[in-house]
Structure formats: structure tokens, C-alpha cells
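Spelled out from the first residue to the last, the chains are:
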Amino acid sequence: MNVERVMEEYRRYISENINVKYDVCFKKLPPAYAMHKWVGAQWTYDCLYGIPNDMDAFLKFSLSGSIYLGEVGRGLFKWTGGCIWNRCLYGFPRTSNSLLKMSLDTGQIEYIHLSEGYRKEHHYGGICTENGILYQPPRDEKHILVWDLKTGKTRKINLVSEEENTIFRYCGSILHPNGFVYFLPEMGGKVIKLDIKTEEWTFIGEQIDAMVFDAKVAVDGNIYGYSAYCPGILKIDVETDITEMIHKEICPGAYGTKLGINGHLYSIPGIGNYVWDYCPMTDSLKTIYEFTKTELKAKYAGGASTKNGNIYGVPAEENKLFCLNVQGNYSEIPKELYRHFFCDCY
């Protein structure tokens, strides 16, 4: 892939839609009884699919209505984030010892079991390559967990030797068009940069307090992500490998960072009471919505963008869908740009 060509097309597309605005609205859902219902979502064939976290079923939302699909059992933090590959929807294991799989054609549910199980939360989210290789960053573990979706087999990329007592906590992942995966640390850690061709990896930048669940590639080619529990926005300069928290005057409280077709980055409101709008072209930051009457600590967690640029956040503790709708004239997102910049695994 020619990265420069893709970035140039991306910048051209954003310039065509630079004046687009977004409006906040909400969509009702049928009653659902779970603490943290869904975390992460995927959009395909005009439907939004929420990944069951505590919930016992997938969410399937379309403009014609909403239903809950499958029966996957109760339990805390079973799966977090997911992907679509080869016409199947996957939920990434967090406390579960199985990868969750649902056919988009038949609705059939499968579980791809780990040969060696874990006793607690072990990995959080991840990314999936075009070839069906899934990388999950550690959460109180010593290794990156790698799944091959073609075979269902797993392997480990060790960050330290098995004999060492060191464990790692990461909570976000992003695949850049440059062919590197960036794993985002929680507190006092360094970003991990992994080459998906060679699987060579390295720690980059300084130790930072990030707590970023989801990040995006902006038109300058750098990575940005709103923090959930720390001050500021994470910035990764992909040319220099410098990592820093910018705009530490705010505490976003975001459980997700989504890209608008105007090039702005929007926060998915988690513990925070504001929806943030950050423009990386001008380094300007503002709020576009405030929640005034809520005590919920995890309103929404992750979501997905549609092909026409609308953004959805799926409810964790909330009971309705969060929506950012495009206002005014716009052009639909080209397929290649959607895959590289607007689609994610959270």
C-alpha cells in the first residue's frame, strides 16, 4: 500500500467536508438489564452491532428498529471491542477464555476457545489486520495475545521473559496505515509499536499516564485519543515516536475517540459529562454537548461510524443509543478511507 497516496486522498476528502457540523441526538432501545451492556461496536450493511460486555446478547440497531441477537450468557467484562472479518462478527475476549464469533449471514454463534485459559481479565480490545490476524494488548499479563482467525489458533508475543514478575496494562490499540500497531498504556507506561509484517516491537516515547481506550489518525498523520481518567489528549508523533498528553487543561472522561468527516475528533462520553470536539488542523478544542442530569460512571463505551459519517456510541450503563449526526451537505466516505481511518475495533 502506498501510504502517501492514501494520506493525500484522506486530506483531500476531509477538505471537501471541512465545514460539516455534527448534532447530538439519542435513539431509544428495548429494555436491557446488565451493568455494562456493550463495549465497542461495528457497522455493516446499514446496521450497528454492539459487542456484549456484561450483556447476554449482541445489539443490532438499524433505522427500522433494534433487536438483541444470540444468547451468550451473563458475566462481567466478557468481551470488549471487536471486528468484522470474512462476514463474521467477532468479540475480543477480556475476562472470557473464548473469542466470540457470530455469522452475519445466519446469526449462528460460535466460541473459539483458548487452549490455555486465564483466571481474570487478561487482554483488552485489540486490532484485526486485513489477513485476519488479531493482536490483543495485555491487561495484567506479560504478552500480546495473537489470534489467527483463519485457523482459530493463538500464540503469544512475550514482552518480558516468563520468569520475570513484570506485568503490563494496556487499554487501547490502533492500526496505522504505515503498517504499525500502536498499543496504548494505562498509567505510567510506554506506547508499544509493533510492525505487523515482522512482528518486531519496541517501546516508544516517555512513560505517560494515558488511559486512552480508542484513538484515531488525523490528517497530519499523527495519532490522537481522548483520555478516560487522565487529563488531556494523547498525541503520538509517528515520525519521531514522541508521545505526549496535550490539552491537559481538560479531563475528557471519554470511552472512545471517533473521527468526523470534517477531520475533527469527537469523544464518546463515558464518565465525562461533555462531548468534546477537537480540531487537529487548528489545535482547537470545544464542547458540543453537556449531560446535566446523570450520575452514571460509564454512559457509553466505544461505538462505530457509518459510511456517510454519522457516529454512534453504544450504551454501557445508559439505556439509549448516543448519536452524532452529520448536518448539511457531505460526500460519502470512500471505501478505502473508511477502512483505514473511520473503521476501528472499539
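Bear in mind the structure is a predicted one, so any value in this text is a computation, not a measurement.

About the cut-offs
Residues numbered from 1 in each chain as written. Predicted model: local features only at pLDDT ≥ 70, side-chain atom pairs only at ≥ 80, totals over all residues. Heavy atoms only, no water. Pairing = 2+ DSSP bridges. Helix = DSSP H or I, 4+ residues; strand = E, 2+ residues; numbered from the N terminus. Axes fitted to C-alpha atoms, helices over the stretch in contact; angles between N-to-C directions. Salt bridge = Lys/Arg side-chain N within 4 Å of Asp/Glu carboxyl O. Buried < 20%, exposed > 50% of the residue type's maximum accessible area, 1.4 Å probe, protein only. Contact = heavy atoms within 4.5 Å.

Colleague: Break down the sheet that holds strand S27 (residues 300-305) for me, citing the residues and quoting the values.
Modeller: Pairing is antiparallel in the open sheet, where four strands are placed in the order S1-S29-S28-S27. Where the open sheet ends on each side, the last strands, each with one partner, are strand S1 (21-28) and S27. Taken pair by pair, the neighbouring strands of this sheet meet at an average axis angle of 25 degrees, ignoring direction. Across four bridges, the pairing between S27 and strand S28 (residues 311-315) is antiparallel. Paired with Tyr 300 across the bridge in S28 is Pro 315.

Colleague: Which residues make up the pattern of salt bridges, and what values do they have?
Modeller: Within this structure, the stated rule accounts for 20 salt bridges. Across the pair Lys 258 and Asp 214 runs a salt bridge whose closest N-O atoms are separated by 3.0 Å. Taken together, the residues Lys 258 in strand S23 (residues 254-259) and Asp 214 in the loop between strand S18 (201-208) and strand S19 (216-217) connect sequence positions 44 residues apart. By the burial criterion, Lys 258 is buried, and Asp 214 matches it. A cluster of three or more residues bridged by salt bridges with shared partners is formed by Arg 94, Glu 121, Arg 139, Asp 140, Arg 169 and Glu 186.

Colleague: If you had to explain helix H2 (residues 335-342) to someone new, which residues and values would you point to?
Modeller: Among the residues making up H2, those that are buried are Leu 337, Tyr 338, His 340, Phe 341 and Phe 342. On its buried face, H2 is in contact with helix H1 (3-16), strand S2 (38-44), S19, S23 and S27.

In short, shape yes, function no, at least from these values alone.
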